[in-house]
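A structural walkthrough
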Amino acid sequence: MEQINQSIAQFLLHIGIDKENINWSLQILLIICIALLSYITTKLFRYIIIPAVQKITSRTKARWDDYLFNEKMMISFCRLIPPLVWYILLPLVFSKLPLLLEFLQKACEIYLVVCMLLLISAFLNSLYEISNEHETLRNRPLKGIYQMIKLIAFGIGFIVIISIITDSNATSILAGLGASAAVLMLIFKDSLLGLVAGVQLSANDMLRPGDWITMPKYGADGDVIEVSLTTVKVRNFDKTITTIPPYVLVSDSFQNWRGMRDTGGRRIKRSINIDLNTIRFCTEEEKKRLVEKGWIKDNTETEELTNLSAFTSYLQEYLVHHPHTHKELMIMVRQLQPTSEGLPLEIYCFTDTTVWMEYENIQNGIFNHLLAVLPQFGLRAFQRPAGKDINNSVIPPLQR
């Protein structure tokens, strides 16, 4: 090191620098050289090495290396070069100023720690992108886990920076923090609960991004768009966003409609009330007419057939042969307990689609047909009389 300084000092004397200013001139020249070296090294890495690495990764069949050596990742690696160069070469400049050298080296160490944290953050972001491309991992709520790893890394980095500033051992700082663990747990309560909840949600496959969930207690009824460390974002069907803490999804109950989507059928469970006064036995002429139309089978001639049982049989066959009912799932028409509103006749079946609009159209078509064909069986849907119905009714005159 002394030989290098002497050689540079002789060069400065040779170009006409006075001996009185030789020390300052030497330091300024060395600082300029270090700055140029760090700048040139960074640019070489940025414009030669990075494109070469990306060119190699683009030729491979694997996709993970494209994410691992992406632009943000390599730029984060570039940030490590200047503090390393300065830290190594600063003793050449400030060897005779130990206090200033110590201060500048600490600054370089702190800058290096910050750059390392940024590199770790970019690496975790790349891992998250890789997991989103994987068929098995893309539907797992891994974002919260990556965020927790970032939080731990930044916490360790903060402790290392404190140890650099105070010239103390990082383990002693950690021991001091152990005494205030209760305070730290109170501060990071939501993050810790979110981490545990995220692991439970992922391990038990309770929730995935894209799932339709319903949680009336928190006003959530829509698709999960993000599962992070502290929040679960749900886009409701009215396009509002509801945020729910992850640990609430573990401690409270919620309804996940993923099973319905995976099955490929959405349930229709709706009933109409039949007016009890219209239920009666079918006449022979009515039986013959229904058989000729193919609405009932010709095996009921010896049985006492009611118009309600004929309608139920017709409706069962109608649903079985409907082009948009799911044939592998239950199809049933059943009677419920009669009430003062009439006899509920329930349709229980599944559509062959889970798309909301298509489902509603199929359901509407079934019940439109049901209501339209009801009078053909001599039945009538129960309906409470309104004002117009009362006005149209015949009211006998008062007897005097």
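Worth saying up front: this structure is predicted, and the values here are computed from it rather than measured. (Residues numbered from 1 in each chain as written. Predicted model: local features only at pLDDT ≥ 70, side-chain atom pairs only at ≥ 80, totals over all residues. Heavy atoms only, no water.)

Section: unusual backbone geometry
Unlike most non-glycine residues, Lys239 shows phi in positive territory, near 70°. Inspection of the secondary structure assignment puts Lys239 in the loop between strand E3 (232–236) and strand E4 (241–244). Residue Lys239 is classed as exposed on the basis of its relative accessible area of 64%. (Helix = DSSP H or I, 4+ residues; strand = E, 2+ residues; numbered from the N terminus. Buried < 20%, exposed > 50% of the residue type's maximum accessible area, 1.4 Å probe, protein only.)

As for the packing of helix H14 (residues 307–320) against helix H15 (residues 356–373)
One can describe the packing of H14 onto H15 by two numbers: an axis separation of 12 Å at closest approach and a directional angle of 150°. Considered as vectors, H14 and H15 are oriented roughly antiparallel to each other. Considering how the two elements wind past one another, H14 and H15 form a crossing that is right-handed. Facing H14, whose interface residues are Phe311, Tyr314, Leu315, Tyr318 and Leu319, H15 presents Gly365, Ile366, His369, Leu370 and Val373. (Axes fitted to C-alpha atoms, helices over the stretch in contact; angles between N-to-C directions. Parallel < 35°, antiparallel > 145°, perpendicular 65-115°, else oblique. Left-handed = near helix turned anticlockwise from the far one by under 90°. Contact = heavy atoms within 4.5 Å.)

Section: helix H13 (residues 284–292)
Helical periodicity: at 3.6 residues per turn, an α-helix aligns residues three or four positions apart in one direction. Those residues of H13 lying buried are Glu286, Lys287 and Leu290. Along the axis of H13, the buried residues cluster in a sector spanning 100°; they form a single face. Among the exposed residues of H13, those pointing more than 90 degrees away from its buried face are Glu284, Glu285, Lys288 and Glu292. If you follow the buried residues of H13, they end up packed against H14. Following H13 by one or two positions, Gly294 has its phi on the positive side, about 80°. (Arc of directions from axis to C-beta.)

Description of the environment of Cys108
In this structure, Cys108 sits in helix H6 (residues 98–133). Overall, the relative accessible area of 12% leaves Cys108 in the buried class. Sequence separation between Cys108 and Ile88 is 20 residues, and the spatial gap between their C-alpha atoms is 9.7 Å.

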